[in-house]
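Report on the structure
Residue-level listing of the chains:
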Amino acid sequence: MSTLLYKLGKTAFRKPAYFIIGWILILGIVISMISFNGIHISSEMKIEGTESQKVLDQLAKELPAASGGQGSVVFEAPDNERLDTPERLAAIMKGVSEVYGLNDVINPADYAAEASSSGAAADMAQAANMQQSATSSPPPYGPLIVEGVPVPGVLISSDGKIALFQFQFTIEQSAITQDVFDSVIHSVMTVENGTNITVLPGETLKTVSIGVGSAEIVGLIIAVIVLLITLGSVVAAGLPLVTALLGVGIGVGGAFSISKFIEMPSVTSVLALMVGLAVGIDYALFIVNRQRRMIIDQRLSAQEAAARAIGTSGSAVFFAGLTVIIALCGMLVIGLTFLSTMALVAAATVLINVFVALTLLPALLGLVGERICSPKAREKSTKHSKQGGHGIADRWVKFVIQYRWITIIAIIIVLGAAATPITKMEMGIPGASSANLDTTARQSYDAISEGFGEGFNGPLILVAEPNNSAAQITPELLGNLVKELQSQNNVAQVTPLGMTEDLAIFSLIPKTGPNDKITKDLVNDLRSTESSIAQTNDVKLGVTGLTAVNIDMSSKLAQVFPIYVGIIILLSLIILLLVFRSIIVPIKATIGFLLSILATFGITTAVFQWGWLHSLFGFDTGGPLLSFMPIIVTGILYGLAMDYQVFLVSSMRESYVHGHRGIASVVHGYNQVSRVVVAAAVIMVSVFAGFIFTDDVMIKQIGFTLAVGILIDAFIIRMGLVPAIMALFGDKSWALPKWLDRILPNLDVEGEKLIATLNAKKNEHSRS
């Protein structure tokens, strides 16, 4: 492996034009495809095989109009005033009529005419009357009346202060274009003109955005500063940034270029951007740093040093990237399309960055030549070497080794304490209830809760089917279902929406909010085939709607999470076994990662669910953690943690291979790479932390969790626990059973064979 990469690095250094032009052509092709196909992103996250998705698919097939997306708008009167004045009622009526006049919005008048012609209108009216009789007390709201006629889809609170306008699109939420959202918002915003009414569009009318802004630029600026400090020159610092940006441009741009043909969740590009930038900069940093060290320490030419850096550090980069890719691709076994898309795009971006680091980077180094290491930097490093010692790193690793038992125990206690909040972790989809107080989505949510009850923010859609295929939905059955549903605990309102001979559709409003545990219990009770409603009426009830979808998503992901973790750990253990030819090192690496990931999720729970330090991170209210975040973060952090494991421990292994024994190999190996590992970690944390200050709470949570995870893993596990445990085992760390040693291939990650071959050629040349 090392020999192959050495030859590749030397070729790229000697003939840089071929490699540079090749990568520029690839980028040009990607840009051309984007300009031709456009960028198409979606907010939809389907969970195939769940009860809610089955019901949605059924509705899309049998009653397409009922499977369309939903929208809501709140109209709020000024303090101590009412909405039901003639002028304000006229304005609301005009805005509502304009929305119903849009092509992609269902007009209830048309639907009522169709139902009347089919005879369903009388059945619906009868069911509605039974609903009213089933209600023990009148609700604190009612239909908005204009000139004696109820306005379709609009409710008004009993105090006249808040009105809720709910409507349905003719197409699925993910297929609604920006133009449609803009048309709806423009129509309802006209209500504000001259009325002092506040119009608050709901969260479902929020634009799907890529979610990248100025905060991420700050992370890049910090990365540049760290690169300058670490590498000591503008030229050397610029190379990792250039290669990372090119790799991300091709990876993320490539995903955008085919988004017309595959569904691309909005968070996909941000995830690929996060991971691609972080690993792209880090991989190039390791190689450039290795080349400069060889130039200074071994007095090699820039060409020879670049080739050897690709052969040695390049091998570590290859296998480090492979662990990230395996961890990401492990998500494919979960079987969820949106997660698979995110994983494949991120994995492809990492793979591209690995290839860029192994081919484009040595080509750029060939253009730079000997300027990669200025005379001043060579003189400074030589003077430092003569003075002996390695400064802070040397003192730190010797301190950790001297007090290794105390270090190990202290780290376990601290990380264990940090992990305790994980026992209270609640999963869901962060929404309007946890949005910032100054957003219209949050203001709309609070106004709905105040005027109608929190459950109106998360209506459920119920579908009833007879268990007997020969039976039909009759008006009597429809009425009985409404009556019995209305009498259930935690049900505020039940409204029949439509019926055929084979099924009936209802809107059910819980009394509790979308993220409340009692709402989840209600959904499970309604679905139960053992419920009194199902058995008395001999029907099967299906439940869907955004609230039910989120409940199913969290449940499904919680079930597959242990399987996913088991798969990536098993595969990564195999890779680490091959790379380090050791039993202890892979096990130690895995235990260290488990400690760091548990502590990371514990801290994330305390911050985003409990609200600790919320003002520091730019949000107002705690809420549930993103349901698919643990799987995504675990995969990424495992891969990135193994990056540091490979770079740090391979340096210790290299020291051991080249003659250092026991604690000396740990100290020497640590001193060789600790500075660049710390720099790489700071860069990664900076890149991820830049996403904490975006407006999207999902991106904010992922960015925070990744930043904290890297901080813990790099600075506590790799810089503290790893040298302590390696010193504890000494040379036994590299022990391998003889039978296993015989069958395992020698990948020569440390470049032992490569260096031996090069030295032999050098000796032959000197003798001749």
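That block above? That's the structure.
Below, the structure is looked at part by part.

1. Remarks on the side chain of Arg290
- Note on placement: Arg290 falls in helix α10 (residues 266-298).
- Apart from the residues within four sequence positions on either side, Arg290 is in contact with Ala309, Thr312, Ser313 and Glu654.

2. Describing the sheet that holds strand β3 (residues 149-157)
- Reading across the sheet, the 5 strands line up as β2-β3-β4-β1-β5 and stay open at both edges, with antiparallel pairing between neighbours. Edge strands, defined here as strands with exactly one partner in the open sheet, are β2 (141-146) and β5 (198-201). Across the sheet, the mean angle from the axis of one strand to that of its neighbour is 35°, orientation sign disregarded.

3. Quick word on the pairing of strand β4 (residues 162-168)
- Extensive coverage of β4 is indicated by the burial of 5 of its 7 residues.
- Examined bridge by bridge, strand β1 (residues 70-76) and β4 share 7 bridges and lie antiparallel to one another. Bridged to Val74 within β4 is Leu164.
- Across 3 bridges, the pairing between β3 and β4 is antiparallel. Looking at the pairing, Leu155 lines up with Leu164 of β4.
- Here β3 folds back onto β4 in antiparallel fashion, the turn holding 4 residues, of which Gly160 has a positive phi close to 75°.

4. Description of helix α14 (residues 391-402)
- Here α14 spans 17 Å end to end across 12 residues, near enough to the 16 Å set by a 1.5 Å rise per residue.
- Along α14, the residues that are buried comprise Ala393, Asp394, Val397, Val400 and Ile401. Along the long axis of α14, the arc covered by the buried residues comes to 135°, so they all point the same way. Away from its buried face, by an angle of more than 90 degrees, α14 presents the exposed residues Ile392, Arg395 and Gln402.

5. Side note on the sheet that holds strand β9 (residues 504-510)
- On the basis of which strands lie adjacent, the open sheet formed by 4 strands has the order β8-β9-β7-β10 and antiparallel pairing. A strand with exactly one partner marks an edge of an open sheet, and here the two such strands are β8 (491-499) and β10 (539-544). Strand-to-strand twist in this sheet, taken as the mean axis angle between neighbours without regard to direction, amounts to 25°.
- Where strand β7 (residues 460-466) meets β9, 5 bridges bridge the pair, whose relative direction is antiparallel.

6. Focus on the pairing of β1
- β1 sits mainly inside the fold: 6 of its 7 residues count as buried.
- Note: β1 against β5, 4 bridges, orientation antiparallel. Within β5, the residue paired with Val74 across the bridge is Leu200.

7. So, the environment of Gln70
- Relative to the elements of secondary structure, Gln70 occurs in strand β1.
- On a C-alpha basis, the gap between Gln70 and Thr204 in space is 7.0 Å, while along the polypeptide they are 134 residues apart.

8. What about a nonpolar patch on the surface?
- On the surface, a cluster of nonpolar side chains totalling about 460 Å² of accessible area is made up of Ile29, Met33, Ile258, Phe261 and Ile262.
- Structurally, the position occupied by Met33 is in helix α2 (residues 16-37).
- On the basis of relative accessible area, Met33 is assigned to the partly exposed category, the value being 33%.

9. A closer look at the packing of aromatic side chains
- Evaluated as defined, the whole model comprises 19 aromatic pairs.
- Measuring from centroid to centroid gives 5.5 Å for Phe167 and Phe169, while their planes differ by 75°, and the two rings are edge-to-face. Comparing Phe167 with Phe169 shows no difference in burial state: the two are buried.
- Aromatic ring contacts, followed pair by pair, group Tyr100, Phe165, Phe167, Phe169 and Phe181 into a single cluster.
- Between Arg661 and the ring centre of Tyr656, over which it is positioned, the NZ or CZ distance is 4.2 Å.

10. Here we look at the nonpolar core
- Tyr283, Met331, Leu339, Ile372, Phe628, Phe688 and Ile710 are the most contacted members of the largest nonpolar core, which totals 166 residues.
- The greatest single-element share of this core, amounting to 20 residues, is contributed by α10.
- Discounting chain neighbours no more than four positions away, the residues touching Leu339 are Met331, Ile334, Leu557, Phe628, Ile631 and Ile632.
- Within the second largest apolar cluster, 29 residues are counted, among which are Ala77, Tyr100, Ala163 and Val180.

11. Some thoughts on the packing of α2 against helix α12 (residues 337-368)
- Running from N to C, α2 and α12 cross one another at 135°; their axes reach a closest spacing of 8 Å. Classified by the interaxial angle, the pair formed by α2 and α12 is oblique. The interaxial crossing formed by α2 with α12 has left-handed handedness. Residue-level inspection shows Pro16, Phe19, Ile20 and Trp23 of α2 in contact with α12, the latter providing Ile352, Phe355, Val356, Thr359, Leu360, Ala363, Leu364 and Leu367.
- Residues that form the contact of α2 with α12 fall into these classes: 11 nonpolar, 1 polar and no charged.

Analysis parameters
Residues numbered from 1 in each chain as written. Predicted model: local features only at pLDDT ≥ 70, side-chain atom pairs only at ≥ 80, totals over all residues. Heavy atoms only, no water. Helix = DSSP H or I, 4+ residues; strand = E, 2+ residues; numbered from the N terminus. Contact = heavy atoms within 4.5 Å. Pairing = 2+ DSSP bridges. Axes fitted to C-alpha atoms, helices over the stretch in contact; angles between N-to-C directions. Buried < 20%, exposed > 50% of the residue type's maximum accessible area, 1.4 Å probe, protein only. Expected span 1.5 Å × (residues − 1). Arc of directions from axis to C-beta. Patch = residues over 30% accessible without salt bridge, like charges linked within 9 Å, V, L, I, M, F, W, Y side chains within 5 Å. Areas by Shrake-Rupley, 256 points an atom, 1.4 Å probe, with all protein chains shown as cover. Salt bridge = Lys/Arg side-chain N within 4 Å of Asp/Glu carboxyl O. Phe/Tyr/Trp six-rings, centres within 6.5 Å; stacked < 30°, edge-to-face > 60°. Lys NZ or Arg CZ within 6 Å of the ring centre and 35° of its normal. Core = buried A, V, L, I, M, F, W, Y, C linked by side-chain atoms within 4.5 Å. Parallel < 35°, antiparallel > 145°, perpendicular 65-115°, else oblique. Left-handed = near helix turned anticlockwise from the far one by under 90°. Nonpolar A, V, L, I, M, F, W, Y, C, P; charged D, E, K, R; others polar.

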